[in-house]
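Structural characterization, general
Each chain, letter by letter, is given below.
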Amino acid sequence: PHLLGLVQGIDLRPTIPVGSCFALSEQDMTSVRFILNLKGLRTVTIGGELAIQAERFIQMMSDTRTITSLHVDGSSIEDSEVLCWRQLPSLEWNETIAYRFTGLRSLKLTGLQLSLSDPPLPYAMRVQELILDDVTVPQGSIQHLCHESWDSVRSLVVSSKAADNPDEILRDLLECCINLEELHYESCGAGARGDIFMEDVPLPSLRAL
């Protein structure tokens, strides 16, 4: 207990054995809830089993205003034998989550299916660094991720393995990030043509590519 006040970051990626039919136990969930509700956290990474419907675990967190960096990592759930009967890593992002992270400066999403709802009000987020690593958007528009608060984004990293139209997410993001200074883009999909910069995309503040 005397160490709790010193903890400023957590990296929590609980796993279960491959092929196991058992999810996290009630005791596991009690421990997860305790760790996610530590006071004064600044950096949080959740992955493994917590990347499946990750919004459930993000909503467990009661003290989120101190958090400046959030990473949801679904990359560890890639085994085909697991995925044939397990749910894919996913995150449903909406205004309920966004309003809780007013101090967030860095948001990283890895290996996820990202669903976004159309928010009724602008977000008060001030994300400066956005990293999307192999993220697909089966529902909603990526432009709703930082709804009407895109002017604070300075660094954008997008990488994709998608086979179909991998440039689409980047194209939508470049329309939003009007003050972008640094851009990293990598696409390994068969459908990548690399012609995103052939279009008239104004990036007057860009300093690094």
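A short note on the nonpolar core
Leu91, Trp93, Leu145 and Leu156 are the most contacted members of the largest nonpolar core, which totals 54 residues. Looking at this core element by element, the count peaks at five residues for helix α5 (residues 167-176). Ignoring any residue separated from it by four or fewer positions in sequence, one finds Leu145 in contact with Trp93, Leu107, Leu114, Leu116, Tyr123, Met125, Leu130, Leu132 and Trp150.

Some points on the pattern of salt bridges
Between side chains of opposite charge, pairing is possible as soon as their charged atoms come close. Under the criterion given, the structure shown has three salt bridges. Arg13 is the partner of Asp73 in a salt bridge, and the nearest nitrogen-oxygen pair spans 2.5 Å. Of the two residues, Asp73 is situated in strand β3 (residues 69-73) and Arg13 in the loop between β1 (9-12) and α1 (26-36); the sequence distance between them amounts to 60 residues. Of the residues examined, Arg13 reaches a relative accessible area of 37% and is grouped as partly exposed. A salt bridge links Arg154 to Glu181, with the shortest nitrogen-to-oxygen separation between them at 3.7 Å. Of this pair, Arg154 sits in the loop between β8 (136-139) and β9 (155-160) while Glu181 is found in the loop between α5 and β10 (182-187), placing the two residues 27 residues apart along the sequence. What you see here is one network of salt bridges that share partners, running through Asp11, Arg13 and Asp73.

Examining the pairing of strand β5 (residues 106-110)
Taken across its five residues, β5 has four buried, putting it largely inside the fold. Pairing analysis gives five bridges linking β3 to β5, with the strands arranged parallel. Among the inter-strand pairings, Val72 is bridged to a residue of β5, identified as Leu109. Of the strand pairs in this sheet, β5 and strand β7 (residues 129-133) are connected by five bridges, and their pairing is parallel.

Reading the values: the criteria
- Every chain is numbered independently, its residues counted from 1 as its sequence is written.
- At least 70 in pLDDT is required for a residue's local features to be given in this predicted model, at least 80 for side-chain atom pairs to be given and counted, and no such filter applies to totals for whole chains, interfaces and linings, which use all residues.
- To get the side-chain values, take all heavy atoms of the structure and skip hydrogens and water.
- The nonpolar core is taken to be a set of buried Ala, Val, Leu, Ile, Met, Phe, Trp, Tyr and Cys residues, with the residues joined through side-chain atoms within 4.5 Å.
- Burial status follows relative accessibility: with a 1.4 Å probe on protein chains alone, a residue under 20% of its type maximum counts as buried, one over 50% as exposed, and anything between as partly exposed.
- In this text, helices come from DSSP runs of H or I with a minimum length of four residues, and strands from runs of E with a minimum of two, each type numbered from the N-terminal end.
- A contact between two residues is defined here by any heavy atoms of the two lying within 4.5 Å.
- Salt bridges, as used here, are contacts in which a Lys or Arg side-chain nitrogen is within 4 Å of a carboxyl oxygen on Asp or Glu.
- Pairing between two strands requires that DSSP report at least two bridges joining them.

All we've got here are geometric facts, nothing functional implied.
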